[in-house]
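So you can see what is in the structure, the chains are spelled out below.
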Amino acid sequence: MRNALQEKALRTENLILKKQIEERYDFEKIIGESKSIRSSIEEVKKIADSKSNILILGETGTGKELFARAVHYNSSRRDKPFVPINCSAIPENLLESELFGYIKGAFTGAVSTKRGLFEEADGGSIFLDEIADMNMSLQAKLLRVIDDLEIRPLGGVQSRKIDVRFITATNRDILKAVKEGTFREDLYYRINVVTLQLPSLGERKEDIPILAMHFLVKYSNEIGKHITAIEDTAQKLLVNYSWPGNVRELRNIIERAVLVTDRDIILSEHLPETLKSIDDFPCKALDKVLSIESYTKEFILRYQSTHSENELSAMLGITRKSLWEKRKRWGLVRAK
Ligand SMILES: Nc1ncnc2c1ncn2[C@@H]1O[C@H](COP(=O)(O)OP(=O)(O)OP(=O)(O)O)[C@@H](O)[C@H]1O
Ligand SMILES: [Mg+2]
(Lines give C-alpha, C1' and ligand atoms only; values in the text may rest on other atoms or scores of the structure.)
(Ligands and ions follow the chains in the order given, each with its own letter.)
Protein backbone atom coordinates (compact mmCIF):
# COMPACT_ATOMS: atom_id res chain seq x y z
CA MET A 1 0.00 0.00 0.00
CA ARG A 2 1.15 3.51 -0.72
CA ASN A 3 1.73 5.81 2.16
CA ALA A 4 0.54 9.39 2.27
CA LEU A 5 3.89 10.72 1.22
CA GLN A 6 4.08 8.53 -1.85
CA GLU A 7 0.54 9.48 -2.67
CA LYS A 8 1.45 13.12 -2.50
CA ALA A 9 4.55 12.66 -4.65
CA LEU A 10 2.51 10.86 -7.22
CA ARG A 11 -0.04 13.60 -7.28
CA THR A 12 2.63 16.23 -7.69
CA GLU A 13 4.19 14.23 -10.49
CA ASN A 14 0.86 13.97 -12.23
CA LEU A 15 0.37 17.68 -11.93
CA ILE A 16 3.78 18.35 -13.39
CA LEU A 17 3.14 16.01 -16.29
CA LYS A 18 -0.18 17.61 -16.95
CA LYS A 19 1.37 21.04 -16.82
CA GLN A 20 4.04 19.96 -19.29
CA ILE A 21 1.46 18.73 -21.74
CA GLU A 22 -0.51 21.93 -21.39
CA GLU A 23 2.59 23.98 -21.89
CA ARG A 24 3.42 22.15 -25.05
CA TYR A 25 0.34 23.53 -26.67
CA ASP A 26 0.20 26.78 -24.86
CA PHE A 27 -0.17 29.96 -26.83
CA GLU A 28 3.39 30.75 -25.87
CA LYS A 29 4.43 28.12 -28.38
CA ILE A 30 2.90 30.16 -31.15
CA ILE A 31 5.75 32.42 -32.11
CA GLY A 32 5.26 35.82 -33.68
CA GLU A 33 5.03 39.48 -32.82
CA SER A 34 3.23 40.71 -35.92
CA LYS A 35 -0.14 42.35 -35.49
CA SER A 36 -1.83 39.69 -37.60
CA ILE A 37 -0.59 36.71 -35.62
CA ARG A 38 -1.16 38.45 -32.28
CA SER A 39 -4.74 39.18 -33.23
CA SER A 40 -5.25 35.54 -34.27
CA ILE A 41 -3.97 34.48 -30.85
CA GLU A 42 -6.22 36.98 -29.06
CA GLU A 43 -9.19 35.78 -31.03
CA VAL A 44 -8.54 32.15 -30.17
CA LYS A 45 -8.02 32.94 -26.48
CA LYS A 46 -11.47 34.47 -26.41
CA ILE A 47 -13.24 31.51 -27.97
CA ALA A 48 -11.09 28.58 -26.83
CA ASP A 49 -13.27 27.82 -23.87
CA SER A 50 -16.59 28.15 -25.64
CA LYS A 51 -18.51 25.35 -27.29
CA SER A 52 -18.38 26.90 -30.72
CA ASN A 53 -17.03 24.92 -33.62
CA ILE A 54 -14.09 26.56 -35.25
CA LEU A 55 -12.98 26.61 -38.87
CA ILE A 56 -9.32 27.44 -39.31
CA LEU A 57 -8.29 28.75 -42.71
CA GLY A 58 -4.82 29.42 -43.98
CA GLU A 59 -2.26 28.38 -46.55
CA THR A 60 -0.23 25.23 -46.04
CA GLY A 61 2.22 25.45 -43.16
CA THR A 62 0.68 28.51 -41.50
CA GLY A 63 0.06 26.73 -38.21
CA LYS A 64 -3.51 25.50 -38.51
CA GLU A 65 -2.85 22.36 -36.52
CA LEU A 66 -0.80 24.29 -33.97
CA PHE A 67 -3.74 26.64 -33.42
CA ALA A 68 -6.22 23.76 -33.31
CA ARG A 69 -4.20 22.18 -30.48
CA ALA A 70 -3.94 25.51 -28.70
CA VAL A 71 -7.73 25.82 -28.84
CA HIS A 72 -8.21 22.37 -27.34
CA TYR A 73 -5.58 22.63 -24.63
CA ASN A 74 -6.91 26.01 -23.56
CA SER A 75 -10.48 24.82 -23.27
CA SER A 76 -12.14 22.98 -20.43
CA ARG A 77 -11.86 19.86 -22.60
CA ARG A 78 -8.09 19.80 -22.19
CA ASP A 79 -8.07 16.65 -20.06
CA LYS A 80 -10.00 14.75 -22.70
CA PRO A 81 -8.60 13.65 -26.06
CA PHE A 82 -7.62 15.84 -28.96
CA VAL A 83 -8.10 13.63 -32.00
CA PRO A 84 -6.58 14.90 -35.24
CA ILE A 85 -7.53 13.35 -38.54
CA ASN A 86 -6.50 14.32 -42.02
CA CYS A 87 -9.52 13.85 -44.26
CA SER A 88 -7.49 13.86 -47.46
CA ALA A 89 -4.81 11.43 -46.29
CA ILE A 90 -7.22 8.55 -45.69
CA PRO A 91 -8.87 6.82 -48.66
CA GLU A 92 -12.51 7.83 -48.97
CA ASN A 93 -13.91 4.39 -48.30
CA LEU A 94 -11.87 4.05 -45.10
CA LEU A 95 -12.57 7.49 -43.70
CA GLU A 96 -16.15 6.70 -42.82
CA SER A 97 -15.26 3.56 -40.87
CA GLU A 98 -12.39 5.41 -39.18
CA LEU A 99 -14.71 8.16 -38.03
CA PHE A 100 -17.77 6.13 -37.11
CA GLY A 101 -16.21 2.83 -36.17
CA TYR A 102 -17.77 -0.50 -37.02
CA ILE A 103 -19.29 -3.62 -35.59
CA LYS A 104 -17.64 -6.99 -36.15
CA GLY A 105 -18.82 -8.38 -39.47
CA ALA A 106 -20.12 -5.04 -40.77
CA PHE A 107 -18.12 -5.55 -43.94
CA THR A 108 -15.50 -7.92 -45.27
CA GLY A 109 -12.43 -7.31 -43.19
CA ALA A 110 -14.29 -6.08 -40.12
CA VAL A 111 -12.98 -8.96 -38.07
CA SER A 112 -13.56 -7.22 -34.79
CA THR A 113 -15.55 -4.30 -33.50
CA LYS A 114 -13.70 -0.99 -33.61
CA ARG A 115 -14.49 2.28 -31.95
CA GLY A 116 -14.53 5.24 -34.31
CA LEU A 117 -12.63 8.46 -33.87
CA PHE A 118 -15.78 10.43 -33.02
CA GLU A 119 -16.15 8.19 -30.00
CA GLU A 120 -12.45 8.34 -29.21
CA ALA A 121 -12.80 12.09 -29.04
CA ASP A 122 -15.75 11.93 -26.64
CA GLY A 123 -15.55 14.75 -24.15
CA GLY A 124 -12.73 16.32 -26.13
CA SER A 125 -12.16 17.81 -29.54
CA ILE A 126 -11.89 16.29 -32.98
CA PHE A 127 -9.71 18.06 -35.50
CA LEU A 128 -10.81 17.42 -39.07
CA ASP A 129 -7.99 18.65 -41.25
CA GLU A 130 -8.43 19.24 -44.99
CA ILE A 131 -12.19 19.23 -44.47
CA ALA A 132 -12.84 20.62 -47.95
CA ASP A 133 -11.58 17.33 -49.40
CA MET A 134 -14.30 15.30 -47.72
CA ASN A 135 -16.68 13.68 -50.22
CA MET A 136 -20.32 14.73 -50.41
CA SER A 137 -21.82 11.59 -48.93
CA LEU A 138 -19.60 11.75 -45.86
CA GLN A 139 -20.33 15.48 -45.58
CA ALA A 140 -24.01 14.60 -45.21
CA LYS A 141 -23.18 12.14 -42.46
CA LEU A 142 -20.94 14.59 -40.68
CA LEU A 143 -23.70 17.18 -40.78
CA ARG A 144 -25.96 14.76 -38.98
CA VAL A 145 -23.32 14.06 -36.35
CA ILE A 146 -22.86 17.74 -35.66
CA ASP A 147 -26.59 18.33 -35.45
CA ASP A 148 -27.53 15.35 -33.31
CA LEU A 149 -24.25 14.68 -31.50
CA GLU A 150 -24.96 11.05 -32.08
CA ILE A 151 -23.15 8.37 -34.02
CA ARG A 152 -23.95 4.91 -35.21
CA PRO A 153 -21.05 2.60 -36.04
CA LEU A 154 -21.12 0.85 -39.42
CA GLY A 155 -23.23 -2.26 -39.14
CA GLY A 156 -24.57 -1.14 -35.77
CA VAL A 157 -28.21 -0.68 -34.88
CA GLN A 158 -27.87 1.59 -31.90
CA SER A 159 -26.83 5.21 -31.87
CA ARG A 160 -24.52 6.55 -29.21
CA LYS A 161 -24.42 10.03 -27.82
CA ILE A 162 -21.14 11.86 -28.09
CA ASP A 163 -19.92 15.15 -26.72
CA VAL A 164 -17.37 16.49 -29.16
CA ARG A 165 -16.20 19.88 -30.25
CA PHE A 166 -15.44 20.16 -33.94
CA ILE A 167 -12.36 22.00 -35.04
CA THR A 168 -11.87 21.92 -38.79
CA ALA A 169 -9.27 23.30 -41.15
CA THR A 170 -8.50 23.65 -44.80
CA ASN A 171 -5.97 25.41 -46.98
CA ARG A 172 -8.47 25.50 -49.84
CA ASP A 173 -10.93 28.21 -50.72
CA ILE A 174 -13.88 26.54 -49.03
CA LEU A 175 -16.37 29.26 -49.95
CA LYS A 176 -15.52 28.66 -53.56
CA ALA A 177 -16.15 24.95 -53.01
CA VAL A 178 -19.55 25.89 -51.54
CA LYS A 179 -20.34 28.03 -54.57
CA GLU A 180 -19.21 25.31 -56.93
CA GLY A 181 -21.36 22.81 -55.12
CA THR A 182 -18.61 20.48 -53.91
CA PHE A 183 -19.03 21.48 -50.27
CA ARG A 184 -22.42 21.53 -48.56
CA GLU A 185 -23.52 24.99 -47.57
CA ASP A 186 -25.38 23.79 -44.48
CA LEU A 187 -22.30 21.93 -43.28
CA TYR A 188 -20.19 25.00 -43.96
CA TYR A 189 -22.35 27.02 -41.56
CA ARG A 190 -22.19 24.32 -38.87
CA ILE A 191 -18.43 24.07 -38.83
CA ASN A 192 -17.90 27.75 -39.36
CA VAL A 193 -19.41 29.20 -36.21
CA VAL A 194 -16.11 30.92 -35.69
CA THR A 195 -13.58 31.40 -38.47
CA LEU A 196 -9.93 31.89 -37.85
CA GLN A 197 -7.99 33.07 -40.88
CA LEU A 198 -4.28 32.57 -40.31
CA PRO A 199 -1.93 34.97 -42.06
CA SER A 200 0.63 33.64 -44.51
CA LEU A 201 4.27 34.16 -43.59
CA GLY A 202 4.67 36.51 -46.52
CA GLU A 203 2.08 38.79 -44.93
CA ARG A 204 4.01 38.99 -41.70
CA LYS A 205 7.61 39.22 -42.74
CA GLU A 206 8.57 40.89 -39.48
CA ASP A 207 8.07 37.49 -37.81
CA ILE A 208 10.60 35.73 -40.02
CA PRO A 209 13.72 36.62 -37.97
CA ILE A 210 11.96 35.71 -34.72
CA LEU A 211 10.73 32.39 -36.07
CA ALA A 212 14.11 31.66 -37.64
CA MET A 213 15.83 32.22 -34.27
CA HIS A 214 13.21 30.09 -32.54
CA PHE A 215 13.92 27.15 -34.86
CA LEU A 216 17.65 27.79 -34.71
CA VAL A 217 17.66 27.42 -30.93
CA LYS A 218 15.33 24.43 -31.08
CA TYR A 219 17.31 22.44 -33.63
CA SER A 220 20.78 23.34 -32.42
CA ASN A 221 19.78 22.29 -28.90
CA GLU A 222 18.36 19.08 -30.26
CA ILE A 223 21.57 18.03 -31.94
CA GLY A 224 23.85 19.60 -29.37
CA LYS A 225 25.41 22.26 -31.58
CA HIS A 226 26.09 25.71 -30.27
CA ILE A 227 24.90 28.01 -33.00
CA THR A 228 24.30 31.53 -31.90
CA ALA A 229 23.33 33.64 -34.87
CA ILE A 230 22.15 34.06 -38.41
CA GLU A 231 24.44 36.27 -40.39
CA ASP A 232 22.99 39.44 -41.87
CA THR A 233 22.97 38.45 -45.52
CA ALA A 234 21.41 35.09 -44.68
CA GLN A 235 18.80 36.88 -42.60
CA LYS A 236 17.93 39.12 -45.50
CA LEU A 237 17.60 36.15 -47.84
CA LEU A 238 15.14 34.69 -45.39
CA VAL A 239 13.14 37.88 -45.13
CA ASN A 240 13.09 38.36 -48.89
CA TYR A 241 11.88 34.94 -49.84
CA SER A 242 8.20 34.51 -50.66
CA TRP A 243 7.64 31.40 -48.46
CA PRO A 244 5.01 29.45 -50.37
CA GLY A 245 5.34 26.71 -47.71
CA ASN A 246 5.08 29.24 -44.88
CA VAL A 247 6.33 28.41 -41.37
CA ARG A 248 6.84 24.73 -42.12
CA GLU A 249 9.16 25.58 -45.00
CA LEU A 250 11.07 28.03 -42.80
CA ARG A 251 11.36 25.38 -40.09
CA ASN A 252 12.73 22.83 -42.57
CA ILE A 253 15.22 25.27 -44.03
CA ILE A 254 16.57 26.25 -40.62
CA GLU A 255 16.75 22.62 -39.56
CA ARG A 256 18.84 21.84 -42.61
CA ALA A 257 21.05 24.90 -42.13
CA VAL A 258 21.73 23.89 -38.53
CA LEU A 259 22.77 20.47 -39.76
CA VAL A 260 25.08 21.65 -42.51
CA THR A 261 26.86 24.51 -40.81
CA ASP A 262 30.21 23.72 -39.27
CA ARG A 263 30.38 27.13 -37.64
CA ASP A 264 28.53 28.80 -34.80
CA ILE A 265 26.60 30.91 -37.28
CA ILE A 266 24.26 30.36 -40.22
CA LEU A 267 25.56 31.89 -43.44
CA SER A 268 23.78 32.33 -46.76
CA GLU A 269 25.76 29.39 -48.13
CA HIS A 270 23.87 27.19 -45.70
CA LEU A 271 20.56 28.19 -47.23
CA PRO A 272 19.07 26.54 -50.30
CA GLU A 273 19.49 28.02 -53.76
CA THR A 274 15.76 28.69 -54.07
CA LEU A 275 16.14 31.54 -51.60
CA LYS A 276 18.75 33.16 -53.75
CA SER A 277 16.77 33.55 -56.94
CA ILE A 278 16.52 37.11 -58.17
CA ASP A 279 12.74 37.06 -58.41
CA ASP A 280 12.47 36.95 -54.69
CA PHE A 281 14.93 39.68 -53.97
CA PRO A 282 12.88 42.85 -54.30
CA CYS A 283 10.59 42.94 -51.37
CA LYS A 284 8.28 45.60 -50.06
CA ALA A 285 8.39 44.51 -46.46
CA LEU A 286 12.14 44.64 -46.43
CA ASP A 287 12.04 48.28 -47.45
CA LYS A 288 10.34 48.99 -44.19
CA VAL A 289 13.08 47.31 -42.25
CA LEU A 290 16.02 48.52 -44.23
CA SER A 291 16.40 51.90 -45.80
CA ILE A 292 16.23 51.98 -49.59
CA GLU A 293 19.87 52.91 -49.54
CA SER A 294 21.08 49.88 -47.64
CA TYR A 295 18.75 47.72 -49.68
CA THR A 296 20.29 48.99 -52.90
CA LYS A 297 23.75 48.54 -51.49
CA GLU A 298 22.97 44.99 -50.51
CA PHE A 299 21.52 44.34 -53.94
CA ILE A 300 24.57 45.61 -55.76
CA LEU A 301 26.87 43.60 -53.50
CA ARG A 302 24.91 40.45 -54.16
CA TYR A 303 24.63 40.69 -57.88
CA GLN A 304 27.57 42.68 -59.14
CA SER A 305 29.76 39.66 -59.67
CA THR A 306 27.15 37.79 -61.69
CA HIS A 307 25.48 40.60 -63.62
CA SER A 308 26.62 43.28 -66.03
CA GLU A 309 26.27 46.98 -65.26
CA ASN A 310 23.45 47.17 -67.75
CA GLU A 311 21.57 44.35 -66.07
CA LEU A 312 22.17 45.66 -62.58
CA SER A 313 20.99 49.16 -63.34
CA ALA A 314 17.94 47.81 -65.16
CA MET A 315 17.10 45.56 -62.22
CA LEU A 316 17.39 48.47 -59.82
CA GLY A 317 15.58 50.83 -62.14
CA ILE A 318 18.39 53.38 -62.10
CA THR A 319 20.72 54.70 -64.79
CA ARG A 320 24.20 53.33 -65.29
CA LYS A 321 25.59 56.68 -64.25
CA SER A 322 23.66 56.55 -61.01
CA LEU A 323 24.84 53.00 -60.41
CA TRP A 324 28.43 54.08 -60.95
CA GLU A 325 28.02 56.99 -58.51
CA LYS A 326 26.55 54.76 -55.84
CA ARG A 327 29.34 52.28 -56.17
CA LYS A 328 31.90 55.00 -55.88
CA ARG A 329 30.19 56.52 -52.86
CA TRP A 330 29.92 53.18 -51.05
CA GLY A 331 33.29 51.91 -52.15
CA LEU A 332 31.83 48.82 -53.79
CA VAL A 333 34.53 47.27 -55.81
CA ARG A 334 33.33 44.90 -58.43
CA ALA A 335 34.51 41.42 -57.56
CA LYS A 336 35.82 39.56 -60.60
N1 LIG B 1 3.48 30.73 -35.29
C2 LIG B 1 4.21 29.61 -35.18
N3 LIG B 1 5.12 29.50 -34.21
C4 LIG B 1 5.89 28.39 -34.09
N5 LIG B 1 5.80 27.33 -34.88
C6 LIG B 1 4.90 27.38 -35.88
C7 LIG B 1 4.06 28.51 -36.08
N8 LIG B 1 3.24 28.28 -37.13
C9 LIG B 1 3.57 27.05 -37.58
N10 LIG B 1 4.55 26.50 -36.83
C11 LIG B 1 5.19 25.20 -37.06
O12 LIG B 1 5.21 24.97 -38.46
C13 LIG B 1 4.89 23.62 -38.76
C14 LIG B 1 3.64 23.58 -39.61
O15 LIG B 1 2.52 23.97 -38.84
P16 LIG B 1 1.10 23.24 -38.96
O17 LIG B 1 1.30 21.77 -39.16
O18 LIG B 1 0.27 23.67 -37.81
O19 LIG B 1 0.59 23.88 -40.34
P20 LIG B 1 -0.75 23.64 -41.14
O21 LIG B 1 -1.34 24.97 -41.39
O22 LIG B 1 -1.58 22.63 -40.44
O23 LIG B 1 -0.19 23.07 -42.51
P24 LIG B 1 -0.95 22.13 -43.61
O25 LIG B 1 -2.01 22.96 -44.27
O26 LIG B 1 0.16 21.82 -44.59
O27 LIG B 1 -1.46 20.95 -42.88
C28 LIG B 1 4.74 22.94 -37.42
O29 LIG B 1 5.97 22.37 -37.07
C30 LIG B 1 4.38 24.06 -36.47
O31 LIG B 1 4.75 23.76 -35.15
MG1 LIG C 1 -2.11 20.65 -41.06
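Residues numbered from 1 in each chain as written. Chains lettered and ligands numbered in written order. Predicted model: local features only at pLDDT ≥ 70, side-chain atom pairs only at ≥ 80, totals over all residues. Heavy atoms only, no water.

Caption draft 1: Broad picture of the layout of surface pockets. Considering only enclosed or pocket space, the largest pocket measures out at about 830 Å³ in volume. As for the largest pocket, its lining consists of 28 residues, and the residues nearest its centre are Gly63, Glu65, Leu66, Val247 and Arg251. Counting only elements with at least two residues in the lining of the largest pocket, the list comes to α3 (64–73), α9 (208–223) and α11 (246–260). By residue class, the composition of the lining of the largest pocket is 10 nonpolar, seven polar and 11 charged. When residues of the lining of the largest pocket are assigned to domains, at least three map to each of domain 1 (4–199) and domain 2 (203–282). Each pocket or cavity is described by its volume, and for the second largest pocket that value is around 280 Å³. Taken together, Glu96, Phe100, Lys141, Arg144, Val145, Asp148, Glu150, Ile151, Arg152, Pro153, Leu154 and Ser159 make up the lining of the second largest pocket. For the lining of the second largest pocket, the secondary-structure elements that each account for two or more residues are α4 (92–100), α6 (136–148) and β6 (150–151). With four residues, the single largest contributor to the lining of the second largest pocket is α6. (1 Å grid on protein atoms, 1.4 Å probe; cavity = no way out; pocket = protein on both sides within 12 Å on 5 of 7 lines; lining within 4 Å. Points joined across faces, edges and corners; volume = space filled by probe spheres on them. Helix = DSSP H or I, 4+ residues; strand = E, 2+ residues; numbered from the N terminus. Nonpolar A, V, L, I, M, F, W, Y, C, P; charged D, E, K, R; others polar. Domains from an automatic or database assignment.)

Caption draft 2: Structural context of the environment of Glu96. Turning to its location among the elements, Glu96 is positioned in helix α4. Look at Glu96 and you get partly exposed, because its relative accessible area is 21%. Expressed as a C-alpha distance, the spacing of Glu96 and Leu138, which sit 42 residues apart in the sequence, is 6.8 Å. With sequence-adjacent residues up to four places away left out, Glu96 is seen in contact with Gly101, Leu138, Lys141 and Leu154. (Buried < 20%, exposed > 50% of the residue type's maximum accessible area, 1.4 Å probe, protein only. Contact = heavy atoms within 4.5 Å.)

Caption draft 3: The pattern of salt bridges, seen in detail. One pass over the full model with this rule turns up 18 salt bridges. Measuring nitrogen to oxygen at the nearest pair gives 2.8 Å for the salt bridge that ties Asp163 to Arg77. Within this pair, whereas Asp163 is found in the loop between β7 (160–161) and β8 (165–170), its partner Arg77 is found in the loop between α3 and β2 (82–86), the two being separated by 86 residues in sequence. Note on Asp163: relative accessible area 37%, which makes it partly exposed. Among the residues examined, Arg77 registers a relative accessible area of 12% and is labelled buried. Here Lys141 ties to Glu96 by a salt bridge, and the two come within 3.0 Å at their closest N and O atoms. Here Glu96 lies in helix α4 and Lys141 lies in helix α6, a separation of 45 residues in the sequence. Counted as one network, the salt bridges with shared partners bring together Glu309, Arg320 and Arg327. (Salt bridge = Lys/Arg side-chain N within 4 Å of Asp/Glu carboxyl O.)

Caption draft 4: Looking closely at the sheet that holds strand β1 (residues 54–57). Ordered by their spatial adjacency, five strands build an open sheet running β2-β5-β8-β1-β9, and the pairing between neighbours is parallel. The sheet is open, and its two borders are formed by β2 and β9 (194–197), each paired with just one other strand. On average, each strand axis in the sheet is inclined to that of its neighbour by 15°, with strand direction left out of account. Packing of helix α2 (residues 35–47) onto the sheet brings it into contact with β1, β8 and β9, and relative to β9 it is tilted by some 155°. (Pairing = 2+ DSSP bridges. Axes fitted to C-alpha atoms, helices over the stretch in contact; angles between N-to-C directions.)

Caption draft 5: Region of the structure containing the nonpolar core. Residues Leu99, Phe118 and Ile126 are the most contacted members of the largest nonpolar core, which totals 32 residues. Counting only elements with at least two residues in this core, the list comes to β1, β2, α4, α5 (117–120), β5 (125–129), α6, α7 (174–180) and α8 (185–191). Per-element accounting of this core gives the leading share, five residues, to α6. (Core = buried A, V, L, I, M, F, W, Y, C linked by side-chain atoms within 4.5 Å.)

Caption draft 6: The site of ligand 1, seen in detail. Close to ligand 1 lie 19 residues, the nearest being Ile31, Thr60, Gly61, Lys64 and Arg251. The separation between an oxygen atom of ligand 1 and a polar main-chain atom of Gly63 is 3.1 Å. Asn171 places a side-chain nitrogen or oxygen 3.5 Å from an oxygen atom of ligand 1. Contact with the protein chains hides 86% of the accessible area of ligand 1, taken as 630 Å² for the molecule alone. The pocket occupied by ligand 1, as judged from atoms lying within 2 Å of grid points, is the largest pocket. Among the elements of the structure, α3, α9 and α11 are those that each provide at least two residues to the shell around ligand 1. Residue composition of the shell around ligand 1, by class: six nonpolar, five polar and eight charged. The residue makeup of the shell around ligand 1 includes at least three contributed by each of domain 1 (4–199) and domain 2 (203–282). (Near = heavy atom within 4 Å. Polar contact = N/O pair within 3.5 Å; in protein donor to acceptor, adjacent residues only side chain to side chain. Areas by Shrake-Rupley, 256 points an atom, 1.4 Å probe, with all protein chains shown as cover. Sits in = over half its atoms within 2 Å of the grid points.)

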